[in-house]
Amino acid sequence: MKRLSAPLLAALLSLGTASADEFQFAMQQYPPFNYQARGGSEIIGPMADVTMAVCTSIQAQCSIVILPWRRATKMAESGEIDGVLSILPTSNREAKYFFSANVMETAYSFFAPARSTFFYRQPKDLDNHLVAVYGPSGTSIALEELLKSNATARAVIEIDNITVLRKLAAGRYGDDNAVVAAMNRDVGLYLMKTEKISGIKPSGDFQKIGYSIGFSKARVSEARFKEFNDALKESIKDGTVRAILDRYGMRTATPSSP
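Bear in mind that the values here come from a model prediction, so they are computed numbers and not experimental data. (Residues numbered from 1 in each chain as written. Predicted model: local features only at pLDDT ≥ 70, side-chain atom pairs only at ≥ 80, totals over all residues. Heavy atoms only, no water.)

With that out of the way, let us pick up the overall build of the protein chain. Across its full length, the protein chain holds eight helices and 13 strands. The burial tally for the protein chain puts 50% of its 258 residues in the buried class. Restricting to contacts in the protein chain with at least 6 residues of sequence separation, those with at least 24 account for 78%. Here the protein chain has roughly 12,400 Å² of accessible surface; of this, 51% comes from carbon and sulfur atoms. (Helix = DSSP H or I, 4+ residues; strand = E, 2+ residues; numbered from the N terminus. Buried < 20%, exposed > 50% of the residue type's maximum accessible area, 1.4 Å probe, protein only. Contact = heavy atoms within 4.5 Å. Areas by Shrake-Rupley, 256 points an atom, 1.4 Å probe, with all protein chains shown as cover.)

Written as structure tokens, this is what we have:
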């Protein structure tokens, strides 16, 4: 089994149509869920590890490549690869993907300056607040929906999550008690640790989400998808997935997740 970096994409595609015992996946650089360490070639992360464990259980040969998200999804939707990892199942994607059982649970959360008294429990808590968010992204779309119920809150869009956190920590957005940031909780905590960003604290979740594996309906038959998904469900049931996620400090999906 192979975990491939982007320069090896051509080799992956030269394989042509995958055989019945082979899957070709793509994922974006999205630590701590999926990433390629600086100077290394191996893809690291819980989604990759879970996928490879399932491939082993069904004796399938699997390849994973890191690509920009738009390119990865375009290739899956056109049938050039079998699927993408760490995808959020949504109704507008159902026509193009089979979604596996949820592998892990996380949340879109707010982060606030350490001195702030802010903690999110309901939309009214955002009254007169400025919310910094990376966008366009799944987080910014979810935030946009949330802010429809609060006329006094407004969002500012930044180019990436690191910029959001650094500006928040430096007080660039204004009064500590009137500004917050919105992002994936695990991504925020990871960036604070690896980039040594202090003076910020997590301050409440506003939407729980589950990540799964999306299989291309243009390339993967329903029977082939079911074989993989059934093996994934068994790996969740027997504790294999939990053991992998525990190594990364991630949460398993709740039993009610699809």
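It is at 9 Å that the axes of helix 2 (residues 46–57) and helix 8 (residues 240–248) come closest, and there the two elements cross at 155°. Relative to helix 8, helix 2 is oriented roughly antiparallel. Here the hand of the crossing between helix 2 and helix 8 comes out right-handed. Of the residues in helix 8, those touching helix 2 at Pro46, Asp49, Val50 and Ala53 are Thr240, Val241, Ile244, Leu245, Arg247 and Tyr248. A per-class count over the contact of helix 2 with helix 8 returns seven nonpolar, one polar and two charged. (Axes fitted to C-alpha atoms, helices over the stretch in contact; angles between N-to-C directions. Parallel < 35°, antiparallel > 145°, perpendicular 65-115°, else oblique. Left-handed = near helix turned anticlockwise from the far one by under 90°. Nonpolar A, V, L, I, M, F, W, Y, C, P; charged D, E, K, R; others polar.)

Right, let's talk about the layout of surface pockets for a bit. Here the largest pocket defines a volume of roughly 1,400 Å³. If you go around the largest pocket, you meet 43 residues; those closest to its centre are Gln28, Tyr30, Trp69, Tyr134 and Ser137. Elements that contribute at least two residues to the lining of the largest pocket include exactly strand 3 (35–36), helix 3 (69–77), strand 6 (83–87), helix 4 (138–147), helix 5 (161–169), strand 11 (179–184), helix 6 (185–194) and strand 12 (200–216). With five residues, the top contributor of residues to the lining of the largest pocket is helix 4. Lining of the second largest pocket is provided by Pro32, Tyr35, Asp186, Leu189, Tyr190, Lys193, Tyr248, Gly249 and Met250. (1 Å grid on protein atoms, 1.4 Å probe; cavity = no way out; pocket = protein on both sides within 12 Å on 5 of 7 lines; lining within 4 Å. Points joined across faces, edges and corners; volume = space filled by probe spheres on them.)

A word on the side chain of Ser203. With respect to the secondary-structure elements, Ser203 resides in strand 12. Judged by relative accessible area, which is 1%, Ser203 ranks as buried. Those residues in contact with Ser203 that sit more than four places away from it in its chain are Phe110, Phe111, Ala112, Phe118, Phe119 and Tyr120.

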